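An overview of the molecular structure
One letter stands for each residue in the lines below.
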Amino acid sequence: MLQIDFLKNNKERVLNGLRVRNYSEKDLGIVDQILALDEKRRAIQTSLQQKLSERNAISKSIGELFKQGKTEEANNSRNKVTALKEEIAHLEGTLKEVKRALDDALLSVPNIPHESVPKGNTDEDNEIFKPYEGTLPALDENALPHWELAKKYDLFDLELGVKITGAGFPLYRKKGAKLQRALINFFLDEAEKAGFEEIIPPLMVNEDTARGTGQLPDKEGQMYHVTEDDLYLIPTAEVPLTNIYRNVILNEDDFPIKITGHTPCFRREAGSYGAHVRGLNRVHQFDKIEIVVIEHPDRSYERLQQMLKHVEGLLEKLELPYRILRLCGGDLGFTSALTFDFEVFSAAQKRWLEVSSVSNFETYQTNRMKLRFKEGKKTRLAHTLNGSALALARIFAALLENNQTPDGIVVPEALRPYTRFDIID
RNA sequence: GGAGGAGUGGCAGAGCGGUUGAAUGCACCGGUCUUGAAAACCGGCAUACUCGAGAGGGUAUCGGGGGUUCGAAUCCCUCCUCCUCCGCCA
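Here we summarise the structure given alongside this text. (Residues numbered from 1 in each chain as written. Chains lettered and ligands numbered in written order. Predicted model: local features only at pLDDT ≥ 70, side-chain atom pairs only at ≥ 80, totals over all residues. Heavy atoms only, no water.)

1. Regarding the overall build of chain A
- The secondary structure content of chain A amounts to 13 helices and 19 strands.
- The principal-axis extent of the C-alpha atoms belonging to chain A is close to 100 × 45 × 45 Å.
- Here chain A holds 425 residues, and 49% of them are scored as buried.
- By sequence separation, contacts in chain A at least 24 residues apart represent 73% of the contacts at least 6 residues apart.
- Charge centroids of chain A, computed over 58 positive and 65 negative side chains, lie 4 Å from each other. (Helix = DSSP H or I, 4+ residues; strand = E, 2+ residues; numbered from the N terminus. Buried < 20%, exposed > 50% of the residue type's maximum accessible area, 1.4 Å probe, protein only. Contact = heavy atoms within 4.5 Å. Lys, Arg positive; Asp, Glu negative; His and termini not counted. Charge placed at Lys NZ, Arg CZ, Asp CG, Glu CD.)

Here is the structure:
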């Protein structure tokens, strides 16, 4: 959620930012609506506070008068306050309404894109930030997509998932299960080497938490909701990890806070069907190692670059061909200011698969979460960043496809200490 | 799930209807003293909103929400969390 002061002082910047997100001139009216609501709120609040102040003063004097035995004067004052009370109740009512309208309006405005974010409507318009340098691996004609390979080597089973749960809940087995576990440990170890503290968070979160990172109110459809207890299954570890610091005031020397966690991720994503979502390309449950950083605002973009390097390192160790995209305004997530997507080339499907998304949210999440730090006497909002390092299902798919040989699927060197086998056959 | 108890500032802990944003201790920061440190002493030490050019005011916050009252940390309702005992259980 944007800060109202920022909006007030940088109106042009906000408007231009929304234009990058393809807001029409008509939709931009929301900004003026917000400013008007804020003005209204302040006016009401000021007069309310005056009345409250008056009430408090009189009430205080009543106590004094009773002590002195001046009952009559005390009763006079009492009547005065009774009259005030009505005004106060009325003002409180309108204040609440206006605040609510303001809040709703503010929540409906996405983050302002970083100046480097290109204009564009869809993922077609994303900028190739770092192209793949090399020749794309070419497999021979009868190379199999991962869902076929999975059948051939009995690595995962979607039909069994259907039986147990429903579509999109894969069941891994044999060397598939081992590879899965190897990847998890590999990614966690690499994150630890890079200075991230490993955390195993709860997989269900309450409403406040979901709101803090921006899953609510607008994206509730993407989360599984346990209505009986009003809890949400996490769509990513970002949610519980970042919310550790909800309502926290840090010291300046606490930065950077670097945490990581492996969790299953649950996504409802009212799905489409077809080749693009076959196999593990899009599932309702997948494992992911997430890295989360809470950083000083002056250093967050530097940190974002470091996070990119970390993810690059992982893909290089796994010997997967990748490229990095800078998302355009139209494809940029609601809460993000700048996002880089990593894509891995799947040789068998002959397409790029998104395997990681690394973003700087600036103060958008921290404003909702009230995550601040002390800067001298004042408090200031911190920046949050996060990235997948990495998401398993698609990496798993790409590994199977790209490394297939007539003899089996070759495990990349870096992973062998974890799998304890060299080949899947 | 049943029965009881409790939630106050960074921590400990008073207050249980009236100048209490909240005693006191500890922690922390600044100062005096000291060659330096400790001790001692003095001072400071929440957050948000709001008015004001500023100095400085005001409002709200004692787990959350609602209510009673001229006035609530104090009384009532409700929710949440924690503790003790019983039951169930990996």
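2. Describing the protein's contact with RNA strand B
- Not every one of the 24 residues close to RNA strand B is listed here, only the nearest: R41, Q45, V81, K374 and T379.
- The protein-proximal atoms of RNA strand B, defined as those within 4 Å of the protein, are 74% sugar or phosphate.
- At a separation of 3.3 Å, a phosphate oxygen of RNA strand B approaches a polar side-chain atom of N56.
- In the environment of RNA strand B, a phosphate oxygen lies 2.4 Å from a nitrogen or oxygen atom belonging to the side chain of T379.
- Here the surface near RNA strand B takes 15 residues from helix α3 (residues 29-67), the largest share from any one element.
- Residue composition of the surface near RNA strand B, grouped by class: 5 nonpolar, 9 polar and 10 charged. (Near = heavy atom within 4 Å. Polar contact = N/O pair within 3.5 Å; in protein donor to acceptor, adjacent residues only side chain to side chain. Nonpolar A, V, L, I, M, F, W, Y, C, P; charged D, E, K, R; others polar.)

3. Overview of the sheet that holds strand β13 (residues 351-362)
- Read across the sheet, 8 strands follow the order β1-β11-β12-β13-β16-β10-β9-β4 without closing on themselves; strand pairing throughout is mixed. Each edge of the sheet is formed by a strand with only one pairing partner; in this case those strands are β1 (127-130) and β4 (197-198).
- Looking at chain direction, β1 and strand β11 (residues 322-326) are connected through 3 bridges and run antiparallel. Bridge pairing in β11 links I128 to L325.
- On the sheet, helix α7 (residues 174-193) packs against β4, β9 (257-266), β10 (285-295) and β16 (383-391) and is oriented at approximately 5° with respect to β10.
- Its contacts with the sheet place helix α12 (residues 392-402) against β10, β12 (338-346), β13 and β16, and it is angled at close to 35° to β16. (Pairing = 2+ DSSP bridges. Axes fitted to C-alpha atoms, helices over the stretch in contact; angles between N-to-C directions.)

4. Quick word on the sheet that holds strand β17 (residues 404-405)
- With antiparallel pairing, 3 strands are arranged side by side in an open sheet as β17-β18-β19. Each edge of the open sheet is held by one strand with a lone partner, namely β17 and β19 (423-424).
- The sheet strands contacting helix α5 (residues 146-153) are β17, β18 (408-410) and β19, and the helix crosses β18 at an angle near 115°.

5. Focus on the pattern of salt bridges
- Applying the stated criterion across every chain yields a total of 23 salt bridges.
- Between D38 and R41 there is a salt bridge whose closest N-O contact spans 2.6 Å. Within this pair, D38 and its partner R41 are both found in helix α3, separated by 3 residues, close to a single helical turn.
- Residues joined in a network through salt bridges with shared partners are D5, K8, D38, R41 and R42. (Salt bridge = Lys/Arg side-chain N within 4 Å of Asp/Glu carboxyl O.)

6. Thoughts on helix α4 (residues 71-107)
- Taking 1.5 Å of rise per residue, the 37 residues of α4 would be expected to cover 54 Å, and the 52 Å separating its terminal C-alpha atoms lies within 8% of that figure.
- Every buried residue belonging to α4 is among A74, S77, V81, L84, I88, L91, L95, V98, L102, A105, L106 and L107, and all of these are buried.
- Buried residues along α4 sit against α1 (4-9), α3, α8 (207-212) and α11 (364-369). (Expected span 1.5 Å × (residues − 1).)

7. Digging into the pairing of β10
- With 10 of 11 residues buried, β10 lies mostly within the body of the structure.
- Bridge analysis of β9 against β10 gives 10 bridges, and the strand direction is antiparallel. Across the sheet, T263 pairs through a bridge with K288, a residue of β10.
- Here β10 runs beside β16; their pairing, made up of 7 bridges, is antiparallel. If you follow E295 over to β16, its bridge partner there is H383.

8. Comments concerning the pairing of β11
- Judged by how many residues are buried, β11 sits mostly within the fold: 5 of 5 residues are covered.
- The alternating pattern of β11 places Y322, I324 and R326 and R323 and L325 on opposite faces, both of which are buried.
- The pairing of β11 with β12 spans 5 bridges and is antiparallel. By the bridge assignment for β12, I324 is matched with F342.

9. Points about the packing of aromatic side chains
- Scanning all chains against the criterion turns up 12 aromatic pairs.
- Ring plane angle 65° and centroid distance 6.5 Å describe the contact between Y132 and W352, whose orientation is recorded as edge-to-face. A residue pair is termed long-range when its members are at least 10 positions apart, and Y132 in the loop between β1 and α5 and W352 in strand β13 qualify at 220 residues.
- Plain terms: the ring middles of F186 and F187 are 5.5 Å apart, the flat faces sit at 50° to each other, and that makes the pair tilted. Judged on exposure class, the residue F186 and its partner F187 are both buried.
- Over the face of the ring belonging to F421 we find K175, whose NZ or CZ atom lies 4.7 Å from the ring centre.
- Looking at K258, its charged tip hangs above the ring of F196, at a distance of 4.8 Å from the centre. (Phe/Tyr/Trp six-rings, centres within 6.5 Å; stacked < 30°, edge-to-face > 60°. Lys NZ or Arg CZ within 6 Å of the ring centre and 35° of its normal.)

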